[in-house]
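# Breakdown of the fold
This is what each chain is made of:
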Amino acid sequence: MMALEAIIFDVDGTLADTEEVHRRAFNDVFAARRLGWKWTREDYTKLLDVTGGKERIARFMRDWLWRDPAEIDIQALHREKTERYVELVAGGALSLRPGVARLIDEALAAGVKIAIATTTSLENVEVLIARALGKAMLAEFAVISAGDMVERKKPAPDVYEHALAAMRIPAAAAIAIEDSANGLRSALAAGVPCIITTNPYTEDQEFAGALAVLDSLGEADKPAAASAGRMPPGVVANLAYLRSIHAAA
Ligand code: XBP
Ligand code: MG
């Protein structure tokens, strides 16, 4: 049995319900450029199958519009999207999901490392953490592994492997917190045991192999429910809970 040394958080959908803000940022730049594209909530649920904004735009052009993605400068378009997203988050468009700040505090107090493994861009993570927890908290993360730092995005294991290598710990000494099937696959492919906190975009996905599937990390006065009839109900995912399910993994 290996002791728990690090908690590796996903960002989008896990730290905060970011996807509606991402969707708005995409649509804002599509409109500013008069592309005539608009992603509805329903469209976006399907488009989330592909992780990474640049990859999502390319997939949309190829498979939905039957156009060659090389027709536009996706890098430049996505840079504008990131600027818009950062502006929205800096303006207070997001707050952290229940239990996230609590668990981060508990981990730091207990000497358990905290880290990030995400598909999104580094500046998006930094603005969210700075706005929600204060700029000084950025330095408390042992590593922030972001999408463009690795070759392949989730569901590939690369971003988890990047975080583990930076912390110099084995996969079995960490636990991942994710919200999506792609994120779960990424963590498991790297050998990191994983719990899921679902959100409206991901609650119908398949989570075979997860240690637990909750609807949030929960707070003392509002425990997490098991998502969509799953076990276990009534959990407050604190450090003791994470240690116990990690030890059982
Ligand atoms: C998140 C993503 C990201 C965001 C958009 O996946 O797929 O692409 O939707 O961010 P995960 P960017 O939570 O599994 O990491 O536009 O910066 O890619
Ligand atoms: Mg996610």
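Before reading on, note that the structure itself is shown above.
Source: prediction; values computed, not measured.

## Quick notes on the sheet that holds strand β2 (residues 113-117)
Backbone hydrogen bonds hold the strands of a sheet together, and the pairing may be parallel or antiparallel. The strand order across the open sheet formed by six strands is β3-β2-β1-β4-β5-β6, and the pairing between neighbours is parallel. The open sheet terminates on both sides in strands that have one partner only, identified here as β3 (143-145) and β6 (212-214). Adjacent strand axes in the sheet meet at a mean angle of 20 degrees, parallel and antiparallel pairs treated alike. Judged from the three bridges that link them, β2 and β3 form a sheet pairing that is parallel. Looking at β3, one finds that Ala 115 is bridged to Val 143. Of the strands in this sheet, β1 (6-9), β2 and β4 (174-178) are in contact with helix α5 (residues 100-110), which crosses β1 at around 150 degrees.

## Details of helix α1 (residues 19-32)
Helical periodicity: at 3.6 residues per turn, an α-helix aligns residues three or four positions apart in one direction. Taking 1.5 Å per residue as the helical rise, α1 with its 14 residues ought to reach 20 Å, and the 20 Å between its terminal C-alpha atoms agrees with that figure. Buried residues of α1: Glu 19, Val 21, His 22, Arg 23, Ala 25, Phe 26, Asn 27, Val 29 and Phe 30, and no others. In this fold, the buried residues of α1 make contact with α2 (41-47), α3 (53-64), α4 (74-90) and α6 (122-133). Trailing α1 by a residue or two, Arg 34 shows a phi angle of about 50 degrees, which is positive.

## Section: the coordination of the magnesium ion (ligand 2)
Within the protein, the magnesium ion (ligand 2) binds to Asp 10 (OD), Asp 12 (O) and Asp 179 (OD); these donor distances fall in the range 2.1 Å. The class of Asp 12 is buried, set by a relative accessible area of 12%.

## Looking at the site of ligand 1
In the vicinity of ligand 1 there are 19 residues, among which Gly 53, Arg 56, His 78, Lys 81 and Thr 120 approach most closely. Measuring from an oxygen atom of ligand 1, one finds a backbone N or O atom of Asp 12 at 3.1 Å. Considering ligand 1 on its own, with 450 Å² of exposed area, one finds that the protein chains cover 97% of that surface. Every element with two or more residues in the shell around ligand 1 is listed here: α1, α3 and α4.

## A look at the packing of aromatic side chains
Summed over all chains, the structure comprises ten aromatic pairs. Here the aromatic rings of Phe 30 and Trp 37 are separated by 5.1 Å at their centres, their planes lie at 70 degrees, and the arrangement is edge-to-face. When its relative accessible area of 0% is taken as the criterion, Phe 30 is described as buried. Assessed through its relative accessible area of 8%, Trp 37 is described here as buried. Aromatic side chains Trp 37 and Phe 60 sit 5.2 Å apart centroid to centroid with 70 degrees between the ring planes, which places their arrangement in the edge-to-face category. Of this pair, Trp 37 sits in the loop between α1 and α2 while Phe 60 sits in helix α3, and the two are 23 residues apart along the sequence. For the pair shown, Trp 37 and Phe 60 are each scored as buried. For Arg 41, the ring lying beneath its charged end belongs to Tyr 201, and the centroid distance is 4.6 Å. In this arrangement the basic side chain of Lys 81 is found over the ring face of Phe 26, its NZ or CZ atom lying 4.5 Å from the centre.

What counts, and at which threshold
- Residues numbered from 1 in each chain as written.
- Chains lettered and ligands numbered in written order.
- Predicted model: local features only at pLDDT ≥ 70, side-chain atom pairs only at ≥ 80, totals over all residues.
- Heavy atoms only, no water.
- Pairing = 2+ DSSP bridges.
- Helix = DSSP H or I, 4+ residues; strand = E, 2+ residues; numbered from the N terminus.
- Axes fitted to C-alpha atoms, helices over the stretch in contact; angles between N-to-C directions.
- Contact = heavy atoms within 4.5 Å.
- Expected span 1.5 Å × (residues − 1).
- Buried < 20%, exposed > 50% of the residue type's maximum accessible area, 1.4 Å probe, protein only.
- Donors = N, O, S within 2.8 Å, 3.2 Å for Na, K, Ca; no water.
- Near = heavy atom within 4 Å.
- Polar contact = N/O pair within 3.5 Å; in protein donor to acceptor, adjacent residues only side chain to side chain.
- Areas by Shrake-Rupley, 256 points an atom, 1.4 Å probe, with all protein chains shown as cover.
- Phe/Tyr/Trp six-rings, centres within 6.5 Å; stacked < 30°, edge-to-face > 60°.
- Lys NZ or Arg CZ within 6 Å of the ring centre and 35° of its normal.

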